[in-house]
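Chain by chain, the residues run as shown.
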Amino acid sequence: ALMKNIVATSVTIGDNVEVIEGYAFWDCTKITKVTLGKKVRVLGNGVFYGCSALTSATLGSSLEKISYRAFYNCKNLSTIKIPDSVLCIGEEAFANTAYYNNSSNWQNKVLYIGNHLIRAKNTLSGEYSIKNGTKCIAGNAFYDCTSLTSIIIPESVTSIGDYAFYDCTSLKYVFYPG
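This section reports on the structure supplied with the text. For clarity, every value in this text was computed on a predicted model and none was experimentally measured. (Residues numbered from 1 in each chain as written. Predicted model: local features only at pLDDT ≥ 70, side-chain atom pairs only at ≥ 80, totals over all residues. Heavy atoms only, no water.)

## Focus on the overall build of the protein chain
(1) Moving on: Of the regular secondary structure elements, the protein chain holds one helix and 16 strands.
(2) Moving on: The C-alpha radius of gyration of the protein chain comes to 16 Å, within 12% of the 16 Å expected for a compact globule of 178 residues.
(3) Moving on: Seen along its three principal axes, the alpha-carbon backbone of the protein chain occupies a region of about 50 × 25 × 25 Å.
(4) Moving on: A burial count over the protein chain gives 44% of its 178 residues as buried. (Helix = DSSP H or I, 4+ residues; strand = E, 2+ residues; numbered from the N terminus. Rg over C-alpha atoms; globule rule 2.2 N^0.38 Å. Buried < 20%, exposed > 50% of the residue type's maximum accessible area, 1.4 Å probe, protein only.)

As structure tokens, this is what we get:
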């Protein structure tokens, strides 16, 4: 159920919940902290979209999927730890968060959260080697990187999100040993 008018500042999801449906906490601007229960496997589309006061999200070790725009526009979310159990991350899942907008979190025009590649700036060009140990490449990760010519994907990558290389018009070579 949509909980737009929630007034709580801290939300803890119980250990009996496995899926949090899309937009469940959409635009709940009072929430500052979220803790997911041990069994949560899926965060639906836009589940915390627009939770502008959210500063902390504790994601459980059973989490497998972070869907499209799950934390989009959580402007104060500056600390994010994604467990290695996560198998796929949807497009723009962390766009316009404090973490995303902090230029010091970007390494050579690419944003990682732990072992997950979230996004590359569209000015990335030439050859790019994804760092070893990366688990997944998020949806739209290299969207509109029109000057990217080749990419090396390490064997550690187990999933590539939807539209990860959409509109990479110069991409000619993809190397993946896995």
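## A closer look at the sheet that holds strand β13 (residues 136-137)
(1) Moving on: Strand order in the open sheet formed by five strands is β9-β10-β11-β13-β15, and the pairing between neighbours is mixed. Whereas interior strands pair on both sides, the edge strands pair on one side only; in this sheet they are β9 (106-107) and β15 (159-160).
(2) Moving on: The sheet contact formed by β13 and β15 spans two bridges and is parallel. When the bridges of β15 are listed, Cys 136 appears paired with Ser 159. (Pairing = 2+ DSSP bridges.)

## Some remarks on a nonpolar patch on the surface
(1) Moving on: A grouping of Tyr 143, Tyr 163 and Tyr 166 is seen on the molecular surface, where their side chains present a nonpolar patch of about 340 Å² in accessible area.
(2) Moving on: Position of Tyr 166 among the secondary structure elements: in the loop between β15 and β16 (173-175).
(3) Moving on: Residue classification places Tyr 166 among the partly exposed positions, given a relative accessible area of 45%. (Patch = residues over 30% accessible without salt bridge, like charges linked within 9 Å, V, L, I, M, F, W, Y side chains within 5 Å. Areas by Shrake-Rupley, 256 points an atom, 1.4 Å probe, with all protein chains shown as cover. Salt bridge = Lys/Arg side-chain N within 4 Å of Asp/Glu carboxyl O.)

## Overview of the pairing of strand β11 (residues 116-120)
(1) Moving on: Among the five residues that make up β11, five are buried, leaving the element largely enclosed by the rest of the structure.
(2) Moving on: Direction of pairing for strand β10 (residues 110-113) relative to β11: antiparallel, over a ladder of four bridges. Within β11, the residue paired with Tyr 112 across the bridge is Leu 117.
(3) Moving on: Here β10 hands over to β11 after two residues, with Gly 114 in that stretch at a positive phi of 60 degrees.
(4) Moving on: Summarising the sheet, β11 and β13 pair through two bridges and their orientation is parallel. Its bridge partner being in β13, His 116 is matched across the sheet by Cys 136.

## Observations concerning the side chain of His 116
(1) Moving on: Checked against the element boundaries, His 116 lands in strand β11.
(2) Moving on: With relative accessibility at 0%, the residue His 116 sits in the buried group.
(3) Moving on: One polar contact links the side chain of His 116 to the main-chain carbonyl oxygen of Pro 83, over a distance of 3.3 Å.
(4) Moving on: Ignoring anything within four residues of it in the chain, the contact list for His 116 reads Ile 82, Pro 83, Asp 84, Val 86, Ile 89, Leu 111, Lys 135 and Cys 136. (Polar contact = N/O pair within 3.5 Å; in protein donor to acceptor, adjacent residues only side chain to side chain. Contact = heavy atoms within 4.5 Å.)

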